[in-house]
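So you can see what is in the structure, the chains are spelled out below.
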Amino acid sequence: MGALPSSNRISAHDRAVLNLKVQRDKLKIYQKKISVILEAEHSAAKALLAKGDKPRALLALRRRKYQSTLLSQTDKQLETLEALTSSIEFALIEKDVLYGLKQGNEVLKQIHKEMTVESVERLMEDTAEGIRYQKEISDMLAGVMTNADEDEVEEELAAMEREVNGVPPEVVLPAIPSAPQTALGPSEEGEKALRAKERARARKAALERAVEEEPQPIAA
Amino acid sequence: MSSIFGNNILGNNATLVGSSSSTAPSIFPPLYDFPPFFTRYPNASTWTAQRAAWSSLILAYCKAHKLWQLHLSDALETELFHNAALGRRLKHQDAVEVLEFMAKEGQVDWIDESNKTGVNVWWKKPEEWGSVIFDWIDSTGQKGSVLTLYEIAHGDLTTAQEFHGMEEGMLKKALGVLVKRGSAQIFGSGEEMGVKFF
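These numbers were taken from a predicted model, which means no experiment stands behind them. (Residues numbered from 1 in each chain as written. Chains lettered and ligands numbered in written order. Predicted model: local features only at pLDDT ≥ 70, side-chain atom pairs only at ≥ 80, totals over all residues. Heavy atoms only, no water.)

Visitor: Would you take a moment to explain the sheet that holds strand β6 (residues 146–148) of chain B for this structure?
Guide: With antiparallel pairing, three strands are arranged side by side in an open sheet as β6-β8-β7 (chain B). Strands with a single pairing partner mark the edges of an open sheet, and in this sheet they are β6 and β7 (184–189) of chain B. The sheet shows a mean angle of 30° between the axes of neighbouring strands, direction not considered. Pairing of β6(B) with strand β8 (residues 192–197) of chain B involves three bridges; the strand directions are antiparallel. What sits directly across from B:V146, in β8(B), is B:K196. Along the sheet, helix α1 (residues 12–51) of chain A contacts β6, β7 and β8 of chain B; its crossing angle with β6(B), the most-contacted strand, is approximately 30°. (Pairing = 2+ DSSP bridges. Helix = DSSP H or I, 4+ residues; strand = E, 2+ residues; numbered from the N terminus. Axes fitted to C-alpha atoms, helices over the stretch in contact; angles between N-to-C directions. Contact = heavy atoms within 4.5 Å.)

Below, the structure written as structure tokens:
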């Protein structure tokens with residue numbers, strides 16, 4: 001088939017669809033022909049009846065009836081043909097969709113290949129290692145500092161916080177008129193020492209807590 | 001050139017004024033009601049202008065009546081070449097000469113080159129028809145599908161299209177333009193020709 005040098009752009013599917021469509025066209029042409037015959041028989045019957053030739057008018061009408069059954073049969077055939085044609089066209093589209101899905105799947109697989117479970121585990125281990133190392137360094141630094149140093153650092157932080165929050169660093173109250181300087185409560189000095197002791201205790205507790213909570217390396 | 005068929009009188013028939021006889025807008029130019037229009041002028045330049053007037057009348061007439069072909073012997077009897085009100089007609093020989101001139105311009109082509117009995121009338125050039133068909137294919141989402149030639153020219157889907165009823169040989173020529181442009185592929189043979197659009 002194919003008298004013309006048709007290129008490879010025409011597939012076997014296209015030829016099949018063309019064949020179906022050609023058949024459909026032939027049926028349509030046939031229907032046109034039958035419609036003309038129907039019309040002719042109708043007017044023939046009318047003319048015969050006018051002439052008083054009843055039997056032949058009846059014959060013409062019978063022929064007409066026969067042709068009209070043919071017409072309805074071709075209608076059914078046409079329907080079948082068109083259904084087949086459109087299901088082929090739809091199947092071709094489905095094929096394209098499937099191809100698209102396949103392509104997408106390939107890409108997804110490729111990406112997954114570059115992202116294996118082992119490499120993720122290794123990465124997570126490395127991260128844990130880094131965190132542990134960082135912690136060691138801070139612990140060492142903390143160990144180097146004395147409690148007094150630590151206190152000073154924290155005092156500085158508190159002062160900074162006050163500044164940031166807009167609280168004046170020291171509320172300078174007007175001097176209170178002299179009152180008997182008997183030490184009733186803990187003296188200012190004593191209070192300061194107490195605060196330092198409390199802080200030292202809190203730091204120790206925090207350190208212990210941190211050791212307990214130290215991230216466990218993920219089991220390989 | 002001071003002839004009665006000079007451009008100032010004829011124009012290029014770009015505007016076709018209604019003729020006196022009919023109420024519906026007619027495609028006939030005022031010249032159609034001018035008896036000498038139907039007689040060939042001996043003067044060459046006048047004849048050139050007359051011929052040009054005839055060719056635009058023929059194209060306009062065929063377009064208005066959706067005539068794809070003119071068969072000379074029949075056409076000479078129609079109102080196109082025969083003004084019954086005036087009792088004037090164009091002679092066969094002169095009509096052939098007009099059509100030969102049009103063939104040179106690519107407005108018509110002879111169905112049978114040797115006998116010159118009729119022409120295909122291209123009131124749109126094959127390239128234009130190609131574009132019209134392709135635009136229709138594109139706008140109806142039929143790219144990539146297979147259509148029969150019968151379907152394009154006589155199918156139910158194209159009844160509203162300008163190319164509906166197109167003569168098969170002409171349709172093939174118009175589609176040939178699309179094939180050259182690479183936007184269509186004709187395949188199959190004989191009666192069972194189909195075309196796929198890209």
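Visitor: What is the right way to read the sheet that holds strand β4 (residues 108–110) of chain B from this model?
Guide: All names here are of chain B. With antiparallel pairing, three strands are arranged side by side in an open sheet as β1-β5-β4. Each edge of the open sheet carries a strand with a single partner, namely β1 (69–71) and β4. Shown here is a sheet whose adjacent strand axes are inclined to one another by a mean of 25°, direction ignored. Note that β4 and strand β5 (residues 118–121) share three bridges and pair antiparallel. Counted as the bridge partner of W110 is V119 from β5. The sheet strands contacting helix α4 (residues 92–105) are β4 and β5, and the helix crosses β4 at an angle near 110°.

Visitor: Any chance you could explain the interface of chain B and chain A here in plain terms?
Guide: Interface size is commonly expressed as the accessible area that is lost once the parts come together. Listed by partner, the interface residues are 19 residues for chain B and 20 residues for chain A. Taking both partners together, chain B and chain A bury about 1,700 Å²; carbon and sulfur atoms supply 57% of that area. If you sort the residues of chain B by the area they bury against chain A, B:Y150, B:F187 and B:E192 come out on top, with a joint share of 34%. Between the two partners, chain B and chain A, sit five salt bridges. The shortest N-O distance in the salt bridge between B:E151 and A:R24 comes to 3.2 Å. (Buried area = accessible area lost by both parts, 1.4 Å probe. Salt bridge = Lys/Arg side-chain N within 4 Å of Asp/Glu carboxyl O.)

Visitor: Before we go on, may I ask you to explain the nonpolar core in this structure?
Guide: The nonpolar side chains of soluble globular proteins are, as a tendency, buried together. All names here are of chain B. Ranked by size, the top nonpolar core spans 55 residues in total, and within it I58, L70, F81, M166, L175, V195 and F197 carry the most contacts. Here this core gathers at least three residues from each of two domains, domain 1 (7–121) and domain 2 (126–197). Excluding residues that lie within four positions of it along the chain, M166 makes contacts with W68, W122, W129, A153, H154, L171 and A174. (Core = buried A, V, L, I, M, F, W, Y, C linked by side-chain atoms within 4.5 Å. Buried < 20%, exposed > 50% of the residue type's maximum accessible area, 1.4 Å probe, protein only. Domains from an automatic or database assignment.)

Visitor: I tried to follow the environment of A:R9 on my own but got confused; where do I start?
Guide: Here A:R9 lies in the segment before α1. Given a relative accessible area of 35%, A:R9 falls into the partly exposed group. If sequence neighbours within four positions are ignored, A:R9 has contacts with A:D14, B:G182, B:A184, B:Q185, B:K196 and B:F198.

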